[in-house]
Amino acid sequence: MQLQYEDFEKIMDIGIRLSTERDRNRLLMTILEKGMEITNCDASTLYLYENDGLRFKFMKTVSKGISRGLDGEDIDLPPVPMKEENVCSYAAIHCEIVNIPDVYASSRFDFSGPRQYDSLTGYRTQSQLVVPLANNENELLGVLQLINAMDEEGNVIAFNEEYEIIIRALGSIAAIELTNLSYVEALKTQIYSFVEALTTALEERTPYNALHTRNVQNYASLLADYIVEMQKEGRCEKIFDPAGKEQLMLAALIHDIGKMVVPLSIMNKATRLDREIEKVDDRFALLKALYEVDMLRGRITQEEYEAAIADLESELAFIHEMDVVSYVSDEACEHIKKLSEKQHVSEEGSAISYLTKREEECLSIRSGTLTVQERKEMENHVVMTSKILEKVQFYKGFSRVPKWVGAHHEYLDGSGYPNSLKGEELDLETRLLTVVDIYDALVATDRPYKKPIARQKAIEILKDMAKKGKVDLRLVEWLDEALEKEGNAN
């Protein structure tokens, strides 16, 4: 039988398909199925070279309706040892195609395995074409074993030697593409390990939200999977590419990396005054002593001294309350202003204010623990994240990560930061990160400056933000449904 033009055309088409396939398992299945199609054979086995042995990856026998490994399950057969008496091992060791017209008539190799299989199943293994899969660097990746070539009438015949060149070409193309995929996977692994290292450093640096990054990644994964499920069921239009989830997970893992440069005094600020409350306590103790000296020296009366001490104790209690209260009212702000104007003036004329300007500013923070300047420094972490990621040469499969991460504090109405982006300027993945980032901040249990909010209350807050045009309402509702489905209610 002579090779026809159509045969070469077929191998070219297969080569194109293999070169565009990005899923390792599908590529391997293509090798097996196309090898069978080209040679018109009944059965085949694909082995992968691992740990100095040939592991069964796929097995298929058309006449018996057997298909193993093609659904992703492992084949529970021991690997074939790399011994020359095994035909597939011989082909692998010598990187040589082996064509056996009839295994029962051959004494070249140990065919006790196929014969035992035949006796157990009633099958008749006759012809074999065994092809090593090696890349352009002569690295062995596996072996393709084709079994029982057939003529047009379905009779088992020997494999035509003319087809060896096509199968070798198929194996070479496939091996090169497998190697390319391995390089891509290695590159992805390297990127992930780099990100994991940075994330671990960030977590060690900030004990108050050490779990935040992992939680955001988990919520992003949950929501992405739920969207994919809805798309498959036709409950929403196709708005998310499942292949992009890997990129989304990396973005979630690295979204706060800019916090590495935020001062710890801001990152770990648990209350409005935080450790500065100790200075206030010391100052008020000093003020009590000074008023006592004034009394002993006759500058003030006993009654004035007692009134001053009572006022100090009342004001100090007020300061401690304002340090941790969830919201500072207008009345409280006015009281803080008047308190900051109080002073003790010594006999020599030196004055000690009850509060410094810095303490007055901190205590007057309406909600949260950060002053306007501290909040600006905290918000700058997004800018720093973008600057850090600009220095990273991302593999093209992760090319959108910096864009998504740099915009995860933007709002749909343009009121976010740092670039006031809005609407269609924000990708779905960015909007998703924004929603899950806010959600985790609301329900987090490891923040000393705030109490965690119940799941449903957090969802209500997000829905209110959506009504105000800040976040995507669909994503909020889907997150709620996904959490409910997973049983993550608090």
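Our subject is the structure listed above.
Keep in mind that this is a model prediction, so the values were computed, not measured.

### Some remarks on the layout of surface pockets
For step 1, the next point in the chain: Roughly 760 Å³ of volume is contained in the second largest pocket.
For step 2, the next point in the chain: As for the second largest pocket, its lining consists of 30 residues, and the residues nearest its centre are Tyr47, Phe56, Gly113, Pro114 and Tyr117.
For step 3, the next point in the chain: Contributions of two or more residues to the lining of the second largest pocket are made by strand S1 (41–50), strand S2 (53–61), strand S4 (80–81), helix H3 (87–94), helix H4 (112–121) and strand S7 (140–150).
For step 4, the next point in the chain: Considered class by class, the residues forming the lining of the second largest pocket number 18 nonpolar, ten polar and two charged.

### A few points about the nonpolar core
For step 1, the next point in the chain: Core analysis: the biggest nonpolar cluster contains 51 residues, and Leu248 and Tyr439 have the highest contact counts within it.
For step 2, the next point in the chain: Elements with a minimum of two residues in this core: helix H5 (164–205), helix H6 (212–233), helix H7 (245–254), helix H14 (401–406), helix H15 (428–443), helix H16 (455–467) and helix H17 (473–486).
For step 3, the next point in the chain: Here this core takes ten residues from H6, the largest share from any one element.
For step 4, the next point in the chain: When residues no more than four places from it in sequence are discounted, the contact partners of Tyr439 are Tyr219, Arg455, Ala458, Ile459, Leu462, Leu479 and Leu483.
For step 5, the next point in the chain: By size, the runner-up hydrophobic cluster in this structure holds 27 residues, among which are Leu46, Val131, Leu170 and Leu178.

### A short note on the pattern of salt bridges
For step 1, the next point in the chain: Counted according to the given criterion, the structure contains 31 salt bridges.
For step 2, the next point in the chain: Across the salt bridge formed by Arg235 and Glu233, the nearest N and O atoms sit 2.8 Å from each other.
For step 3, the next point in the chain: For Arg235, a relative accessible area of 43% translates into the label partly exposed.

### Digging into the packing of H6 against H15
For step 1, the next point in the chain: For the pair H6 and H15, interaxial distance at closest approach is 9 Å and the crossing angle is 130°. Taken together, the axis directions place H6 and H15 in an arrangement best described as oblique. Judged by the sense of rotation from one axis to the other, the crossing of H6 with H15 is right-handed. Facing His212, Asn215, Val216, Tyr219, Ala220, Leu223, Ala224 and Ile227 of H6, the residues of H15 in contact are Leu432, Leu433, Val436, Asp437, Tyr439, Asp440 and Val443.
For step 2, the next point in the chain: Residues belonging to the contact of H6 with H15 are distributed by class as follows: eleven nonpolar, two polar and two charged.

Conventions and cut-offs
- Residues numbered from 1 in each chain as written.
- Predicted model: local features only at pLDDT ≥ 70, side-chain atom pairs only at ≥ 80, totals over all residues.
- Heavy atoms only, no water.
- 1 Å grid on protein atoms, 1.4 Å probe; cavity = no way out; pocket = protein on both sides within 12 Å on 5 of 7 lines; lining within 4 Å.
- Points joined across faces, edges and corners; volume = space filled by probe spheres on them.
- Helix = DSSP H or I, 4+ residues; strand = E, 2+ residues; numbered from the N terminus.
- Nonpolar A, V, L, I, M, F, W, Y, C, P; charged D, E, K, R; others polar.
- Core = buried A, V, L, I, M, F, W, Y, C linked by side-chain atoms within 4.5 Å.
- Buried < 20%, exposed > 50% of the residue type's maximum accessible area, 1.4 Å probe, protein only.
- Contact = heavy atoms within 4.5 Å.
- Salt bridge = Lys/Arg side-chain N within 4 Å of Asp/Glu carboxyl O.
- Axes fitted to C-alpha atoms, helices over the stretch in contact; angles between N-to-C directions.
- Parallel < 35°, antiparallel > 145°, perpendicular 65-115°, else oblique.
- Left-handed = near helix turned anticlockwise from the far one by under 90°.

All quantities given are derived from atomic positions and should not be read as evidence of function.
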